[in-house]
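# Structure assessment
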Amino acid sequence: MPTADVSNACGPIKPGIDTRRIGPLILAVGGFFLLGMRQTFTVPLTFGLSLGQLLLYVGAAIWALIGTDVEKSGIVNRCLVIAILGYLTTSLLSYGAAMARGTVPLGFTFGGRYIFADLALTAMAIAIIAMVTTTAHIALVLKGLVLGGALSAAFAIVRLVAGVDLAPLFILPGLKASDFLLVTDLAREGIERAQGSAGHPLELAGVLTVVIPLGLGIIASARARGQRTWPWTICTAVLICGAVGTVSRSVVVGLAVAVLVMAWRWSIGRFAATLLAGGAAVGLGLLLQVHIVSAIMQSFANTSTDSSIASRALGAAYVATHYRDHFWVGQGAGMYPAYRQPVLDNQYLSRLMETGVLGLVSFVVLIAVALVLALRASAATDQGIAELAGGISGSLAALAVISTILDVSGFVQIWTVTWILIALSAVVWRLHRDGQHEEAHS
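Residues numbered from 1 in each chain as written. Predicted model: local features only at pLDDT ≥ 70, side-chain atom pairs only at ≥ 80, totals over all residues. Heavy atoms only, no water.

### Quick notes on the overall build of the protein chain
A count of helical and extended segments in the protein chain gives 14 helices and 4 strands. Every one of the 442 residues in the protein chain was classed for burial, and the buried ones make up 50%. In the structure as shown, the protein chain presents an accessible area of about 19500 Å², 68% of it carried by carbon and sulfur atoms. (Helix = DSSP H or I, 4+ residues; strand = E, 2+ residues; numbered from the N terminus. Buried < 20%, exposed > 50% of the residue type's maximum accessible area, 1.4 Å probe, protein only. Areas by Shrake-Rupley, 256 points an atom, 1.4 Å probe, with all protein chains shown as cover.)

Structure, rendered in structure tokens:
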């Protein structure tokens, strides 16, 4: 383990402590509280930031500035830099255009919050790229997300099985508990869907679907390095059970896409075993007449009469009629909810309406670039890097699918995880690139 320089800017530090690990540890703890604790529990005097957001935004940024040797992190992928700047620029252009035109009072409020979040998330992504410099660092950050997601999934499972909601009880002393109304009337096929630590059952489904591939990547990476895998196997199993408990079609579709993306570099044996395990689980659930399994199957059969699908169709029709009103830069970043318009539940359509065609293209390009970087890194000769990169690519693919049924930028947990994955895609790509250079010179 590298020995820290006692002249570090943070002050004297005992020799033998790897200060480079402190930044990723802050990110891991922040990720745990981001997903494991409800984001309505906020830190006083922080303008409504939750503990997870405070650690990820502020803590990570401060440590990146004073505690990290940025030169060792190398140059980030230029395509990703351009994609991030393009996304941020289109958001600012849309916000500025809306301010110039004038908007309703709520538009100022919503737009300001959205731009602040974009700036904070961009800073967080830069901090992640600067601080996370090794495979162990990546694994540490991902483990924080997996542990937080597993805790939220456990809350959801207890709610489904015992009818007790434990999530409101997980709050640390000193945090401010905002008024929170548990979403009601969201039963599907006779099952009252739990929301765990998320803000909505659909967000919980999205978060768990995105985190499950990360759990699989951690397990495979640990196995490749000869490390213990059972804690992460248990966490991933809890994640899967919690995701199934949401009775959401997006879980099935998202995980199917994630597996297909991850499987391009799997052995035939692993792919076959995954398909057999999934098929066996569904078959056993139907055989034993497990209500949740049959409910999910029924939800696919009843798509023609499903109210949520009808609502999304109404929103899509509205967008098709009105997106030309502000074709290039949209109504204003984050301002769609300020007007009386149909609910969209679709990130692509929301981005189109709020920031126009330029904003939509910038979002698609950002996710595509991150996915390509992770896919390229999943071909690394170092199995530890390859498996983690494969998990990240699967998560990004699942996120791209989930964005068609959820306006992810409107939910703190999944939107923050989105930017964490974008940043980590650059990190795994950099490690893969550095490994190729080392092989070329050896």
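Okay, back to it.
### A word on the packing of aromatic side chains
How two aromatic rings sit relative to each other is given by the distance of their centres and the angle of their planes. Tallied over the full model, the rule gives 11 aromatic pairs. On the basis of an interplanar angle of 75 degrees and a centroid distance of 6.3 Å, the ring pair of Phe32 and Phe170 is categorised as edge-to-face. Taken together, the residues span a long stretch of sequence, with Phe32 in helix α1 (residues 22-36) and Phe170 in the loop between α5 (135-162) and β2 (176-177) at a distance of 138 residues. Cluster of aromatic residues (ring-pair linked, three or more members): Tyr87, Tyr348, Phe363, Trp415 and Trp419. (Phe/Tyr/Trp six-rings, centres within 6.5 Å; stacked < 30°, edge-to-face > 60°.)

### Concerning the nonpolar core
The biggest cluster of nonpolar side chains holds 89 residues, and the ones touching the most others in it are Ile138, Leu142, Ile392, Ile414, Trp419 and Leu424. Per element, the largest residue contribution to this core is 14 residues, and it comes from helix α14 (residues 412-441). (Core = buried A, V, L, I, M, F, W, Y, C linked by side-chain atoms within 4.5 Å.)

### Some words on the side chain of Arg312
Following the sequence through the fold, Arg312 ends up in helix α11 (residues 307-322). Of the buried charged residues, Arg312 lacks a salt bridge, with Asp345 as the closest side chain of opposite charge at 4.1 Å. In this structure the side chain of Arg312 is engaged in a polar contact, spanning 2.9 Å, whose partner is the backbone oxygen of Ile405. (Lys, Arg positive; Asp, Glu negative; His and termini not counted. Salt bridge = Lys/Arg side-chain N within 4 Å of Asp/Glu carboxyl O. Polar contact = N/O pair within 3.5 Å; in protein donor to acceptor, adjacent residues only side chain to side chain.)

### Regarding helix α6 (residues 201-224)
For α6, which comprises 24 residues, the first-to-last C-alpha distance of 35 Å matches the rise-based estimate of 34 Å (1.5 Å per residue) to within 8%. Of all 24 residues making up α6, 21 are buried, and the element is well covered by its neighbours. Gly226 occupies a position one or two residues after α6 and carries a positive phi of about 75 degrees. (Expected span 1.5 Å × (residues − 1).)

### Focus: a nonpolar patch on the surface
The grouping of Phe327, Trp328 and Leu358 at the surface amounts to a nonpolar patch, some 300 Å² of accessible area in total. The partly exposed category is assigned to Phe327, whose relative accessible area is 30%. (Patch = residues over 30% accessible without salt bridge, like charges linked within 9 Å, V, L, I, M, F, W, Y side chains within 5 Å.)

### Here we look at the environment of Arg433
Note that Arg433 resides in helix α14. In the structure, Arg433 is positioned 53 residues away from Ala380 in sequence and 8.5 Å away in space, judged by C-alpha atoms. A polar side-chain atom of Arg433 sits 3.0 Å from a polar atom in the side chain of Asp434.

### A word on unusual backbone geometry
With a phi close to 60 degrees, Phe47 is a non-glycine residue in the positive phi region. If you trace the backbone, Phe47 turns up in the loop between β1 (41-42) and α2 (51-66). Despite not being glycine, Val247 has its phi angle at roughly 50 degrees, a positive value. A relative accessible area of 0% means that Val247 is categorised as buried.

### Topic: the confidence of the model for the protein chain
Summary statistics for the protein chain give a mean pLDDT of 86 and a share of 85% for residues scoring 70 or more. No element of the protein chain has a lower mean pLDDT than strand β3 (residues 187-188), at 58, and none a higher one than helix α12 (residues 347-377), at 97. Contacts of residues 1-16 to residues separated by more than four positions or lying in other chains number 24 contacts, the stretch itself having pLDDT below 50. (pLDDT = per-residue confidence, 0-100. Contact = heavy atoms within 4.5 Å.)

### What about the pattern of salt bridges?
Taken as a whole, this structure holds 5 salt bridges when the rule is applied. Here Asp165 ties to Arg38 by a salt bridge, and the two come within 3.1 Å at their closest N and O atoms. Here Arg38 lies in the loop between α1 and β1 and Asp165 lies in the loop between α5 and β2, a separation of 127 residues in the sequence. Salt-bridge contacts for Glu387 lead to Arg270; the nearest nitrogen and oxygen are separated by 2.9 Å. You can see Glu387 sitting in helix α13 (residues 383-402) and its partner Arg270 sitting in helix α9 (residues 268-287), a full 117 residues away along the chain. Through salt bridges with shared partners, one network takes in Arg265, Arg270 and Glu387.

### Points about the packing of α5 against α6
Two elements in contact, α5 and α6, have axes whose closest approach is 9 Å; the angle formed by their N-to-C orientations is 135 degrees. The pairing of α5 with α6 is recorded here as oblique in orientation. Crossing angle aside, the handedness with which α5 passes α6 is left-handed. Here α5 contributes Leu142, Lys143, Leu145, Val146, Gly149, Ser152, Ala153 and Ala156 to the contact with α6, which in turn contributes Leu204, Leu208, Val211, Leu214, Gly215 and Ile218. Looking at the contact of α5 with α6, its residues break down into 10 nonpolar, 3 polar and 1 charged. (Axes fitted to C-alpha atoms, helices over the stretch in contact; angles between N-to-C directions. Parallel < 35°, antiparallel > 145°, perpendicular 65-115°, else oblique. Left-handed = near helix turned anticlockwise from the far one by under 90°. Nonpolar A, V, L, I, M, F, W, Y, C, P; charged D, E, K, R; others polar.)

### So, the environment of Phe155
Mapped onto the secondary structure, Phe155 falls in helix α5. A C-alpha to C-alpha distance of 7.2 Å links Phe155 and Ser197, two positions 42 residues apart in sequence. Beyond its immediate stretch of four places on either side in the chain, Phe155 contacts Gly36, Leu166, Ala167, Phe170, Gly196 and Ser197.

### Topic: the packing of α5 against α13
Relative orientation of the contacting elements α5 and α13 amounts to 35 degrees, with a least axis distance of 10 Å. As α5 packs across α13, the resulting crossing turns out to be left-handed. Between α5, through Thr135, Ile138, Ala139 and Leu142, and α13, the contact on the second element is made entirely by Gly384, Ile385, Leu388 and Ile392. Residues that form the contact of α5 with α13 fall into these classes: 6 nonpolar, 2 polar and no charged.

### Examining helix α8 (residues 249-262)
Note that an α-helix has 3.6 residues per turn; residues three or four places apart therefore point the same way. Between its terminal C-alpha atoms α8 stretches 20 Å, which fits the 20 Å expected from 14 residues at 1.5 Å a residue. Residues of α8 that are buried: Arg249, Ser250, Val251, Gly254, Ala258, Val259, Val261 and Met262.

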